[in-house]
Amino acid sequence: MTVPRGRASEVAEGKYVTFEGMGGSGKSTQVSRVKEWFEARGQPAVFIKEPGTHDFGERIRELVLGREDLDSLTEALLFEADRSYSFAQVVLPALERGLWVISDRGPDGTEVFQGILGSVQLDLIEAITSATTRGKVPDRTILLQVSPTIAFERSQRRGVTNDKFDERGLKFFERLYDAYKELATRHAERIVVVDGSRAVDQITRDVIAIIEGMVE
Ligand SMILES: Nc1ncnc2c1ncn2[C@@H]1O[C@H](COP(=O)(O)OP(=O)(O)OP(=O)(O)O)[C@@H](O)[C@H]1O
Ligand SMILES: [Mg+2]
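Residues numbered from 1 in each chain as written. Chains lettered and ligands numbered in written order. Predicted model: local features only at pLDDT ≥ 70, side-chain atom pairs only at ≥ 80, totals over all residues. Heavy atoms only, no water.

1. Brief notes about the overall build of the chain
What counts, and what does not: Helix and strand assignments come from DSSP, with helices taken as H or I runs of at least 4 residues and strands as E runs of at least 2, each series counted from the N terminus. What the globule rule says is 2.2 Å times the number of residues to the power 0.38, and the radius of gyration is computed from C-alpha atoms. Should any heavy atoms of two residues lie within 4.5 Å, those residues are considered in contact.
Within the chain, the regular secondary structure consists of eight helices and five strands. In the chain, the succession of α and β elements from N to C terminus is β-α-β-α-α-β-α-α-β-α-α-β-α. What you see for the chain is a C-alpha radius of gyration of 17 Å, in line with the 17 Å of a compact globule of 216 residues. For the chain, the spread of C-alpha atoms along the principal axes amounts to about 50 × 35 × 30 Å. A separation threshold of at least 6 residues defines the contact pool for the chain, and within that pool the share at least 24 residues apart is 81%.

2. A look at the pairing of strand E3 (residues 100–104)
The condition is simple: Note on classification: 1.4 Å probe, protein chains only; a residue is buried when its accessible area is under 20% of the maximum for its type, exposed when over 50%, partly exposed between these limits. Pairing between two strands requires that DSSP report at least two bridges joining them.
Most of E3 sits out of view: five of its five residues are buried. Here E3 shows a buried face lined by Trp-100, Ile-102 and Asp-104 and a second buried face lined by Val-101 and Ser-103. Note that strand E1 (residues 16–20) and E3 share four bridges and pair parallel. Looking at E3, one finds that Tyr-16 is bridged to Val-101.

3. What about a nonpolar patch on the surface?
As a reminder, the rule being used: Two joining distances apply to patches: 9 Å for like charges and 5 Å for nonpolar side chains (Val, Leu, Ile, Met, Phe, Trp, Tyr), and every residue must have over 30% relative accessible area and no salt bridge. For the area figures, the Shrake-Rupley method with a 1.4 Å probe applies, and any residue is considered shielded solely by the protein chains shown. Salt bridges, as used here, are contacts in which a Lys or Arg side-chain nitrogen is within 4 Å of a carboxyl oxygen on Asp or Glu.
A cluster of nonpolar residues, Leu-73, Leu-77 and Leu-124, forms a patch on the protein surface that exposes about 240 Å² of accessible area. In this fold, Leu-124 is placed in helix H5 (residues 122–132). Relative accessible area serves as the criterion here: at 38%, Leu-124 is assigned to the partly exposed category.

4. Details of unusual backbone geometry
Across the junction of Glu-50 and Pro-51, the peptide omega takes the value -10 degrees, indicating a cis bond. If you trace the backbone, Pro-51 turns up in the loop between strand E2 (45–49) and helix H2 (55–65). With a phi angle near 70 degrees, Arg-105 is a residue other than glycine that sits in the positive phi range. With respect to the helices and strands, the residue Arg-105 is situated in the loop between E3 and helix H4 (108–116). Phi is positive for Arg-134, close to 55 degrees, though the residue is something other than glycine.

5. Topic: the sheet that holds E1
The strands making up a sheet associate through backbone hydrogen bonding, with each pair oriented either parallel or antiparallel. Counted only if it meets this: Here the axes come from fitting lines to C-alpha atoms, over the contacting stretch only for helices, and the angles between their N-to-C directions go from 0 to 180 degrees.
Ordered in space as E2-E3-E1-E4-E5, the five strands form an open sheet in which the pairing is parallel. Edge strands, defined here as strands with exactly one partner in the open sheet, are E2 and strand E5 (191–195). Going across the sheet, the axis of each strand differs from the next one's by a mean of 20 degrees, ignoring polarity. Along the sheet, helix H3 (residues 72–96) contacts E1, E2 and E3; its crossing angle with E2, the most-contacted strand, is approximately 155 degrees.

6. Regarding the site of ligand 1
We apply this condition: Whether a residue is near a molecule or strand depends on its heavy atoms: it is near if one of them lies within 4 Å of it. Between N or O atoms, a polar contact is any pair within 3.5 Å; within protein, one atom must be a potential hydrogen donor and the other a potential acceptor, and residues adjacent in sequence are included only when both atoms are from side chains.
The immediate surroundings of ligand 1 are formed by 17 residues, with Gly-24, Lys-27, Ser-28, Thr-29 and Arg-198 found nearest. For ligand 1, an oxygen atom lies 3.3 Å from a polar atom in the backbone of Ser-25. Arg-198 places a main-chain nitrogen or oxygen 2.8 Å from a nitrogen atom of ligand 1. A total of 640 Å² of accessible area belongs to ligand 1 in isolation, and the protein chains cover 73% of it. Those elements that place two or more of their residues in the shell around ligand 1 are helix H1 (27–41) and helix H8 (200–214). Residue contributions to the shell around ligand 1 peak at three residues, all from H1.

7. Quick word on the environment of Arg-157
As for its position among the elements, Arg-157 is in helix H6 (residues 148–157). Assessed through its relative accessible area of 68%, Arg-157 is described here as exposed.

Given below as structure tokens:
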């Protein structure tokens with residue numbers, strides 16, 4: 001991915017917005033709506049996903065999601081390596097040029113999957129993430145909240161994903177739901193919880209209102 005040309009360097013730094021939520025909560029659906037919104041405004045923005053901004057990240061994603069023998073620390077370090085590369089190559093240069101960066105999942109995923117649900121201490125994840133993001137924290141995180149049943153059903157409907165987390169069944173989605181709630185409490189200053197169980201258009205209205213509220 002290449003960073004499109006932004007404006008002059010004296011302009012304000014761009015905003016960094018992440019979308020979080022369980023598999024099937026509607027992140028990619030809403031991110032594509034946000035992309036349309038930026039396109040309609042004629043405002044260039046950078047759209048990425050974690051893991052996998054680069055082919056490099058895609059390979060890490062396949063490696064981790066495709067196998068069961070990885071411990072949480074190994075997983076976290078692999079995802080953090082992707083993040084380090086992605087921040088150095090894409091995210092930070094884009095923000096410096098005044099471009100907004102919209103990310104389908106972000107650093108919170110490591111805290112949820114390898115920290116709250118895994119075995120890696122949260123302060124260790126925090127320290128590594130702070131290094132890989134060079135201290136950049138999302139300006140806003142939109143957490144799409146759906147019940148474990150809805151997330152599970154939507155993920156099932158989509159068929160085979162080769163995603164080991166999606167294949168762990170309803171019980172895992174229940175644990176994941178609680179983990180995201182804990183995440184929202186831990187970072188209440190930047191996380192906005194949006195009810196993702198409604199119709200796509202209704203959710204998009206809320207999402208765009210949040211983004212419009214961030215425009216200076
Ligand atoms: N509000 C909604 N109501 C009903 N179905 C929805 C809604 N939003 C998304 N979907 C459908 O649910 C499925 C999952 O949506 P989507 O791919 O956007 O989720 P996701 O959060 O990106 O999932 P993953 O984490 O697995 O990538 C898709 O088939 C999508 O069309
Ligand atoms: Mg998705």
